[in-house]
Amino acid sequence: MSTTQVVWFKRDLRLHDHAALCTAAAGGPVLALYVIEPELWSQPSASTRHWQVIQAALLDLAQAIAQHGGKLCVRIGAMEEVLVELQQALGHFDLLAHEEIGEDWSFQRDKAVAAWCAGAGISFTELPQFGVFRGQHDRDGWAARWRQFMTQPQQDLPPNIRWAHFPGVDAWQRWQPQPSRHALADFDLPNPAGVLEDFLHRRGEQYHLKMSSPLSAPEACSRLSVQLASGRLSMRTVVQSTWRAQQEAKTWPVEQRRTWPKALAAFQSRLHWHCHFMQKFESEPKLEHRNMARSCDGLREDDFDEAKFEAWCTGNTGYPFIDACMRFLHATGWINFRMRAMLVSFAAYDLWLHWQRPAHHLAQLFIDFEPGIHYPQVQMQSGTTGINTLRIYNPVKQSMDQDPDGGFIRRWVPECAGFDNLRIHAPWEASAMEQLAAGCQIGEHYPEPIVDHLTAVRFAKAQFAGVRRSQAGRADKKTVMQRHGSRKNRSR
Ligand SMILES: Cc1cc2nc3c(=O)[nH]c(=O)nc-3n(C[C@H](O)[C@H](O)[C@H](O)COP(=O)(O)OP(=O)(O)OC[C@H]3O[C@@H](n4cnc5c(N)ncnc54)[C@H](O)[C@@H]3O)c2cc1C
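Numbers given to residues run from 1 along each chain, matching the order in which its sequence is written. This being a predicted model, a pLDDT of at least 70 is required before a residue's local features are given, and a value of 80 or more before pairs of side-chain atoms are given or counted; all residues contribute to the totals for chains, interfaces and linings.

S.K.: Please give an account of the overall build of the protein chain that cites residues and values.
M.R.: The numbering of helices and of strands both runs from the N terminus, where a helix is a DSSP run of H or I of at least 4 residues and a strand a run of E of at least 2. Counting its secondary structure elements, the protein chain contains 23 helices and five strands. Computed over the C-alpha atoms, the radius of gyration of the protein chain is 24 Å, within 12% of the 23 Å expected from 2.2 N^0.38 for a compact globule of 492 residues. Taken along the three principal axes of its C-alpha coordinates, the protein chain extends 85 × 55 × 50 Å. Burial analysis of the protein chain (492 residues in total) assigns 42% to the buried set. Sequence-distant contacts, at least 24 apart, represent 80% of the contacts inside the protein chain between residues at least 6 apart. The atom set for the radius of gyration is the C-alpha atoms, and the globule formula is 2.2 Å times the number of residues raised to the power 0.38. To assign burial, the other C-beta atoms lying within 10 Å of each residue's own C-beta are counted, with C-beta atoms placed from the backbone; 20 or more indicates buried, 12 or fewer indicates exposed, and intermediate counts indicate partly exposed. C-beta atoms are placed from the backbone for every residue, and two residues are taken to be in contact when these atoms lie within 7 Å.

Here's what the structure looks like:
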């Protein structure tokens, strides 16, 4: 009799192009398992909106498995307890999962699962789902490996798959994470294939031109991040579909091609970045807790100002564009890249906040939270990588560039809606008469700016200049570059 193959779903909630599932199907009857781990959901980066994503994705997965004659088993508890139950019921089984690139908590959990399996004589196989490679500690040869991974054929669910069954918890859909935070009032998880198709053949035409403004980005960007972070779509599917669209566009006449080639090239490079950033985290998971450049240790940690942090978190800094972005994020769970970078820059340089708590706050708000991208990006935008030039965003300039008519601000910071198209970007500069006419007295209806941008940034730059000039700062530059730097830049 063949051994039951337990496929442990985590952030890979799909049937198509699922390496663990295909390997399992060849080995015996497959038990599809998802375990709701309450401890995972109490981590400082977790939130109710993340659960809303997973819950919707699990419902779709359960339906897809049912269509193929199986039943998804959902359990609630610690993974090791579930494994013990499985062992009691099944005797021997094999365990398969994807290589999760998660936070320290899930990393330790995976190590404990591996140790338990080793002790119980059960094989535990983890297979990659991204172009990210376990055990790779520098970037030599990485780009070639990425390409090789992405060119492999996509795997379909084997038609002759046999399913195994194990009783799950029927009421799992009513489970709610504790603590409860940041639930989305209006949440819908669209069909991933539909989102990809719509982007590559309709919405994406001006991707590179419209990705920077929060007014145009929601439509012009792919919006695939939530699908990738929950694993509803494999990265290989997205990459290969993009390559195909690029090839097709080459055959079109110029008037049909328009901006498609540039848009698709820009998009394609983002897909590369996805794995480039995740590889940093895979190679150095401590980035969740400590500065990438250790020469930055102690730079801001002890200066944390709770009132400033609170104002930033709630969108009450007195900078309308910053506040509009934060409030938009609260309401929708998504914002475009540039605005994410600007929010972090404001926390890091203007408010001089060490990055870890801002990182957790944003992680809770992002429905697409992906630790492997998030922590390296937050560190890069906070200046603690030691290799990147400081990217300090001027919130008023960004406001004028990305929201010239103030429409985005008016929608999300209605207190300021009455100001004209100039004053709305810096309402503290409005005269008393103008404030009266706008129906918004600064300091009463809307806060005074929490800091003066130029003064704050001057201070921040001086602090960083000191660190980077130091011996430790110069040494960091070499080691960080060797470990995480893109080899493409170096050869250039
Ligand atoms: C401070 C900060 C935190 C971030 N945290 C996350 C996160 O938790 N999860 C997440 O998926 N992205 C994160 N990003 C990267 C980026 O902002 C999002 O991937 C993007 O905005 C998601 O929208 P989209 O799918 O429409 O992106 P598109 O612009 O359509 O890009 C397509 C895909 O490419 C990848 N990608 C795009 N930009 C980047 C980038 N700069 N770095 C790495 N990969 C990229 C993502 O997988 C994205 O889904 C972060 C960026 C910053 C500055």
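What follows continues from the structure just given.
S.K.: Please set out the site of the ligand residue by residue, giving values where relevant.
M.R.: The criterion for a residue being near a molecule or strand is a backbone-placed C-beta atom within 6 Å of that molecule or strand. Around the ligand lies a shell of 27 residues, among which Cys221, Ser222, Ser225, Arg270 and His374 are the nearest. Among the elements of the structure, helix H9 (225-229), helix H12 (260-283), helix H15 (337-350) and helix H17 (371-382) are those that each provide at least two residues to the shell around the ligand. For this classification, Asp, Glu, Lys and Arg are treated as charged, while Ala, Val, Leu, Ile, Met, Phe, Trp, Tyr, Cys and Pro are nonpolar and the rest, including Gly, are polar. Taken together, the residues of the shell around the ligand break down into 15 nonpolar, seven polar and five charged. Each of domain 2 (192-283) and domain 3 (287-485) accounts for three or more of the residues forming the shell around the ligand. Either an automatic procedure or a domain database provided the assignment from which the domain bounds are taken.

S.K.: Mind laying out the domain arrangement of the protein chain, listing which residues take part and the relevant values?
M.R.: Under the domain assignment used here, the protein chain contains domain 1 (4-129), domain 2 (192-283) and domain 3 (287-485). Here the C-alpha centre of domain 3 lies 26 Å away from the C-alpha centre of domain 2. At the junction of the two partners, domain 2 supplies 17 residues and domain 3 supplies 24 residues. Taken together, the elements giving at least two residues each to the side of domain 2 that touches domain 3 come down to H9 and H12. Per element, the largest residue contribution to the side of domain 2 that touches domain 3 is seven residues, and it comes from H12.

S.K.: Lay out the pairing of strand S2 (residues 30-36) with the relevant residues and their values.
M.R.: Counting buried positions over the seven residues of S2 gives five, a clear majority of the element. The pairing of strand S1 (residues 4-9) with S2 spans five bridges and is classified as parallel. Bridge pairing in S2 places Val7 opposite Ala32. A clockwise course of the path from the first strand over the helix to the second, judged with the strands pointing away from the viewer, identifies a crossover as right-handed. Viewed along the sheet, the connection from S1 through helix H1 (residues 19-27) into S2 turns out right-handed. Pairing analysis gives four bridges linking S2 to strand S3 (residues 73-76), with the strands arranged parallel. Bridge pairing in S3 places Tyr34 opposite Val74. On the question of chirality, the crossover connecting S2 to the parallel S3 by way of helix H2 (residues 48-67) is right-handed. For two strands to be treated as a pair, DSSP must find no fewer than two bridges joining them.

S.K.: Break down the pairing of strand S5 (residues 124-127) for me, citing the residues and quoting the values.
M.R.: In the sheet, strand S4 (residues 93-98) pairs with S5 via four bridges, with the strands oriented parallel. Across the sheet, residue Leu95 finds its bridge partner in S5, namely Phe124.

S.K.: Lay out the nonpolar core in plain terms, naming residues and giving numbers.
M.R.: Nonpolar cores are built from buried Ala, Val, Leu, Ile, Met, Phe, Trp, Tyr and Cys residues. These are joined into a set through C-beta atoms within 7 Å. Formed by 123 residues in total, the largest nonpolar core has its most connected members in Val6, Val7, Val30, Ala32, Leu33, Cys325 and Leu343. The dominant element in this core, judged by the number of residues it contributes, is H12, at nine residues. Excluding residues within four positions of it along the chain, Cys325 makes contact with Pro214, Ile335, Met339, Met342 and Leu343.

S.K.: With reference to specific residues and values, describe the packing of H12 against H17.
M.R.: Every axis in this analysis is a line fitted to C-alpha atoms, fitted for helices over the stretch in contact. Angles between the N-to-C directions lie between 0 and 180 degrees. It is at 7 Å that the axes of H12 and H17 come closest, and there the two elements cross at 85°. Classified by the interaxial angle, the pair formed by H12 and H17 is roughly perpendicular. Residues His274, Phe277, Met278, Lys280, Phe281 and Glu282 of H12 pack against Pro371, Gly372, Ile373, Tyr375, Pro376 and Gln377 of H17. Counted by class, the contact of H12 with H17 contains seven nonpolar, three polar and two charged residues. In what follows, roughly perpendicular refers to angles from 65 to 115 degrees, roughly parallel to angles under 35, roughly antiparallel to angles over 145, and oblique to any angle outside these ranges.

S.K.: Outline the environment of Gln227, listing residues and values.
M.R.: Note that Gln227 resides in helix H9. In the structure, Gln227 is positioned 36 residues away from Asn191 in sequence and 8.8 Å away in space, judged by C-alpha atoms.

S.K.: So what about the sheet that holds S3? Which residues, and what values?
M.R.: Read across the open sheet, the five strands follow the order S3-S2-S1-S4-S5; overall the sheet is parallel. Each having just a single partner strand, S3 and S5 make up the two edges of the open sheet. Neighbouring strand axes in the sheet, compared pairwise and without regard to direction, differ in orientation by 30° on average.

S.K.: Got a sec to walk through helix H16 (residues 356-365)? Specific residues and values, please.
M.R.: Taken across its ten residues, H16 has seven buried, putting it largely inside the fold. Of all the positions in H16, only Pro358, Ala359, His361, Leu362, Ala363, Gln364 and Leu365 are classed as buried. In the core, the buried residues of H16 are packed alongside helix H13 (306-314), helix H14 (320-332), H15 and H17.

S.K.: Quick one: what's the story with unusual backbone geometry, residue by residue and with numbers?
M.R.: That bond from Gln178 to Pro179 is cis: its omega, -5°, falls within 30 degrees of zero. Positionally, Pro179 belongs in the loop between helix H5 (142-151) and helix H6 (192-201). The backbone of Asp17 sits at a positive phi, close to 50°, despite the residue not being glycine. Note that Asp17 resides in the loop between S1 and H1. For His182, which is not glycine, the phi torsion reads 55° and is therefore positive. Relative to the helices and strands, His182 resides in the loop between H5 and H6.

S.K.: Please set out the environment of Arg258 residue by residue, giving values where relevant.
M.R.: For Arg258, the position within the fold is in the loop between helix H11 (254-257) and H12. Judged by the 13 C-beta atoms lying within 10 Å of it, Arg258 falls in the partly exposed class. Taking the C-alpha atoms as reference points, Arg258 and Glu205, separated by 53 residues in sequence, lie 8.1 Å from one another.

S.K.: Any details on the environment of Val378? Residues and values, ideally.
M.R.: Locating Val378 in the fold gives a position in helix H17. Judged by the 25 C-beta atoms lying within 10 Å of it, Val378 falls in the buried class. The residues contacting Val378, other than those within four sequence positions of it, are Val344, Trp355 and Ala359.

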